[in-house]
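Okay, here's what each chain looks like letter by letter:
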Amino acid sequence: MIQQPETHEFFTRGIPVELNSIDQELKKLWQISDQIATRATRMNLVIYSAAEHSLRANTELVARIARQCAMRAIIVSAKPQANATGIRTWVNAHCQMSKDGKKQRCSEQIAFQLEGEARDLNRLPSLVFSHLDSDLPLNWWWQGELPSASLEQLFAWIDRFIFDSAEWNDPRKQIGILDSICAFKPVLKNSLSDLNWARLLDFRLALAHFFEPECTRPLLEQIETVELLHNSERPESDLHLLLLIGWLADRLGWKRVEASGSAGSGEVCYGFEEARVILKRNGDPEGENGNTLKAVAMKMRDGSRFSVMRHTQPAYLFTKGHLENCAKIIESRIAPVVTMNENFTANLVSEELLYSAHDPIYYRALEHAAALLR
Amino acid sequence: MSPSSFLSSNPLHAGLSNRPQPQACALVIFGATGDLTHRKLIPALYNLAADGHLPSGLVVVGFARRDKSDDQFRKELEESTKKFSRQPVEDAIWQSFSKNIYYHRSEFHNAEGYASLAKRLDQLDKDDPSLGGRRLFYLAAGPEQFEPIIENLKSAGLNKGGQPSTTNAQSQKETSWSRIVVEKPFGTDLESARHLNKIVNSTFSEKDTYRIDHFLGKETAQNIMVLRFANAIFEPLWNNRYIDHIEITAAETLGVEGRAGYYETSGALRDMVQNHLIQLLTLTCMEPPTDLSADSVRDEKVRVLRSLRPMRNAEEVERNVVRGQYASGAINGKPVVGYREEQNVNPHSMTETFVAMRVFIDNWRWVGVPVYIRVGKRLAKSGAEISVHLKDAPKVLFNQATSTENDPARGSSNVLVIRIQPDEGVSLRIQSKVPGAALRIGPVKMDFQYGESFGKPSPEAYERLLLDAMSGDPTLFARRDEVEQAWEFVDVIEKAWHDDSEDASTDKNPQTRIPLYDYPAGSWGPIAADELLAADGRSWRRL
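The structure displayed is predicted, hence computed values, not measured ones. (Residues numbered from 1 in each chain as written. Chains lettered and ligands numbered in written order. Predicted model: local features only at pLDDT ≥ 70, side-chain atom pairs only at ≥ 80, totals over all residues. Heavy atoms only, no water.)

*Asks:* For this particular structure, what's the right way to read the sheet that holds strand β5 (residues 178-182) of chain B?
*Replies:* Picture the strands of a sheet paired through backbone hydrogen bonds; they go either parallel or antiparallel. All names here are of chain B. Taken in spatial order, the 6 strands of this open sheet run β3-β2-β1-β4-β5-β6, and their pairing is parallel. In this open sheet, the two strands that pair with only one neighbour each are β3 (101-105) and β6 (209-211). For this sheet, the mean angle separating the axes of adjacent strands, direction not counted, is 20 degrees. Direction of pairing for strand β1 (residues 26-30) relative to strand β4 (residues 135-139): parallel, over a ladder of 5 bridges. (Pairing = 2+ DSSP bridges. Helix = DSSP H or I, 4+ residues; strand = E, 2+ residues; numbered from the N terminus. Axes fitted to C-alpha atoms, helices over the stretch in contact; angles between N-to-C directions.)

See below:
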């Protein structure tokens, strides 16, 4: 067994500094007399939030993400209730011991708290850009609702835009804002990281895996019904569920029609020429970590079936396929790609930063999902 | 995406992976009770299963002579996987994975055993059509068993894919296949390698033959091509106009560690140089391939091998190769015995545990650039690396009179180092002004550490290689001509040593012409290895 490196965690905001002495103060962080520390960075990560107490929560998130992705992090907190106008600044370092135990690998963090007029979004670019690590990609995580203001100067420089559609109160409006952002910078369509979509990765992989062998590939065109078992309060506007449907529709070329047949109580139905999708509530409390999807069950026209079920304690996916043409049952258990523990959100973001693809698949799934919104 | 196109590619996989997808198959491991299976193969398969990369339905059949049941075999594998897996073993995942592991008892030379194996595999195909009649035979047994195993596979018809158990006409058109994975050593010299290749290729086609060199499965070895060909900065300098010499080192602090039975017949040249180090040499010195297909890459590697300047006789071997054997010494402050005092080692053994050599590649790119290769056991430090030493800048301006002139050990040339293991990464040494009023120049290192920059642990080499064998991607496996060319090169050296040793042992020539130098364990090898480079006005890079 390989030993995991020790981690030293600093969950305070850091050392308060003057706005115009950030670089100087960051350099001082590296003047550690009796230890050897390496400043490591592969990317810039900016996290913006207008929520209360976001500074401390995001500092903790950055500390955890930095374990996997060496970075310069900039946390921007727009304090909702503030009497004065001003910008308060802190610098910090998140360090962990290298595998040989000889030195620490550290990622830098700059935190800004914006109060009063300083919260003006148009001031963000000038605040953030001067403190980015040059030559490295800019990943921007916008927490909460997307900005309705036109921030072209900001988006012109963003390489990956991260958000969580599970946080949106009005998905239709938010999708409209996202569309206008992508209209301004079309290449960003391929570099969107919706954490709500990322949470579907295990299900997508399991479904893709099942249909990979030659004996199951033909079943793709035999899908008759897809049941999504969930515990969402409002499934018809739950993008976590609708994105999966949108993905299937986009990938398999399904054409939308009115749903045929009646839905049971508590069920929502979507009709396609090729298949029928039913959302069924299973009555359990709201999902952990934003995962409202509990299981996917597919029935093919030849009688074959396939299901993927999320198991939580311990965490794994249980897949079961029944192939009608040979009366064979195939079962497997797969560990989740993103470790589901108390650091799930940090793990999810790390996965996006390290491994997300540059392709339009998410955006196309979102377009289909938008059409399903009620 | 139209339904008719689903059969050629899986649309659900888009955006999830850009690599060929492994196909479920029956993986038969010959030598299933051995060390390799327990320490590397099964832990690799488990990690693949846990990460969701293993094709569902994969079946593992262990083929060995000891008597045990499926359950006993699974239990033993569970214990070793818990010890050697890179991630903790989760019970639920192990149960799901291990229920597809079976044990097949037979002697390697027993034809009946293979006939019953064939029946068993046919039944497994019937039970699970996702196997599609695909078989992957992994030769993890001793090399002396390769020939009987391969011949028996052929006799039992196992060199052909099984009959896929499906009524789907399209699926039947898809190839079932039968592949073979062969562990090193692939032969003991050119003649035996050619003989083994003949046996293998009379049973399996070359495209279905996968010769493992696990160094190629390491992320850092794969990164050599990316570093060279994904960056514009290096390639213009990667030639004899700018490069002074290249060093390739694989050093171990370990001794023979209970492998004397094998090592006495092998030695460092056959064990490490013929395969691992020559593979690193080809990756470092190859031309850019036309594309990333397996054959395009391997074609370029073979071109390097064909351009290696052969050593024509014993004199040239003596001039260009140093062999050594560790004597007693100390490793990390602890005393250790010499090689000849190790268990099961002949007290008069002439087996080399250290080799240093100077080779030349006679092509336009590399003519005049020596490549120094060094491998050894019980050296001062463990590590494998490639260092590319650039020529000195012109002796004008800053290089006319510098602080390094009085301290040659510090070095003034730029050196690009690719660290294969441990501490994987790349570093570049450059000259910089030392702060102060006086003009002083000193070296500084720009360092990229693979493991620290990419926090997620990389898959182990065997995980990548097993997946590639199942996917039908032979890029990271040695091709027939690669292996034979490498043997052709080292055979001259072995012959010179062997002929010399025979002379010595029969008292024809009691003074061996090609000495086997002692070196104390814990040192950097025999002094003669330092003299090899000193003769060229160079010295080994200190790891």
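*Asks:* I keep staring at the pairing of strand β14 (residues 276-281) of chain A and nothing clicks. Help me out?
*Replies:* Within a regular strand, the side chains alternate between the two sheet faces. Sheet topology note: the strand β11 (residues 223-230) of chain A/β14 of chain A ladder contains 6 bridges and is parallel. The residue of β14 of chain A that forms the bridge with E227 of chain A is I278 of chain A.

*Asks:* For this particular structure, what's the right way to read the packing of aromatic side chains?
*Replies:* How two aromatic rings sit relative to each other is set out by the distance from centre to centre and by the angle between their planes. A complete count under the given rule lists 28 aromatic pairs over all chains for this structure. Centroid distance Y372 of chain B to W540 of chain B: 6.1 Å. Interplanar angle 70 degrees. Geometry classified as edge-to-face. In this pair, Y372 of chain B is assigned in strand β12 (residues 370-376) and W540 of chain B in the segment after α16 (527-534), connecting sequence segments 168 residues apart. Note on accessibility: Y372 of chain B and W540 of chain B belong to one class, buried. By the ring-pair criterion, three or more aromatic residues cluster together here, those being F155, F161, F163, W168, W197 and Y362 of chain A. Sitting over the face of the ring of Y102 of chain B, R74 of chain B holds its NZ or CZ atom 5.4 Å from the ring centroid. Lying over the aromatic face of F186 of chain B, R211 of chain B brings its terminal NZ or CZ to 5.0 Å of the ring centre. (Phe/Tyr/Trp six-rings, centres within 6.5 Å; stacked < 30°, edge-to-face > 60°. Buried < 20%, exposed > 50% of the residue type's maximum accessible area, 1.4 Å probe, protein only. Lys NZ or Arg CZ within 6 Å of the ring centre and 35° of its normal.)

*Asks:* Looking at this structure, how should I read the confidence of the model for chain B?
*Replies:* All names here are of chain B. In the predicted model, chain B carries a mean pLDDT of 87, and 89% of its residues have values of at least 70. Contacts for the low-pLDDT stretch residues 402-410, under 50 throughout, to residues beyond four places or in other chains number 14 contacts. Here the predicted complex scores 0.78 on pTM and 0.80 on ipTM. (pLDDT = per-residue confidence, 0-100. Contact = heavy atoms within 4.5 Å.)

*Asks:* Looking at this structure, how should I read the state of the cysteines?
*Replies:* Residues and elements named next belong to chain A. One pass over the full model with this rule turns up 1 disulfide over all chains. The disulfide partner of C95 is C106, and the S-S distance across this bridge is 2.1 Å. Handedness here is read from the sign of the S-S torsion; for C95 and C106, about 110 degrees, the answer is right-handed. Taken as a pair, C95 in strand β6 (residues 86-97) and C106 in strand β7 (residues 104-115) lie far apart in primary sequence, 11 residues in all. Looking at C106, the relative accessible area reads 1%, which means it is buried. (Disulfide = S-S within 2.5 Å.)

*Asks:* How should the packing of helix α5 (residues 146-155) of chain B against helix α7 (residues 190-203) of chain B be read in this particular structure?
*Replies:* Helices that pack against each other are described as a pair by the angle of their axes relative to one another and the distance between those axes. All names here are of chain B. Between α5 and α7, the shortest axis-to-axis distance is 9 Å and the interhelical angle comes to 15 degrees. If you check the angle between α5 and α7, you find them roughly parallel. Considering only the axes of α5 and α7, their crossing is left-handed. Listed contacts from α7 to F146, E147, I150, E151 and K154 of α5 are H195, L196, I199, V200, S202 and T203. Its residues assigned to classes, the contact of α5 with α7 comprises 5 nonpolar, 3 polar and 3 charged. (Parallel < 35°, antiparallel > 145°, perpendicular 65-115°, else oblique. Left-handed = near helix turned anticlockwise from the far one by under 90°. Nonpolar A, V, L, I, M, F, W, Y, C, P; charged D, E, K, R; others polar.)

*Asks:* How should the pattern of salt bridges be read in this particular structure?
*Replies:* Oppositely charged side chains can pair when the atoms bearing their charge come close. Residues and elements named next belong to chain B. Counted according to the given criterion, the structure contains 47 salt bridges over all chains. Residues D71 and R74 are paired through a salt bridge, measuring 3.1 Å at the closest nitrogen-oxygen approach. Within this pair, D71 and its partner R74 are both found in helix α2 (residues 70-84), separated by 3 residues, close to a single helical turn. Residue classification places D71 among the exposed residues on the basis of a relative accessible area of 54%. Classification of R74 as buried rests on a relative accessible area of 17%. What you see here is one network of salt bridges that share partners, running through D295, R298, D299, R479 and D481. (Salt bridge = Lys/Arg side-chain N within 4 Å of Asp/Glu carboxyl O.)

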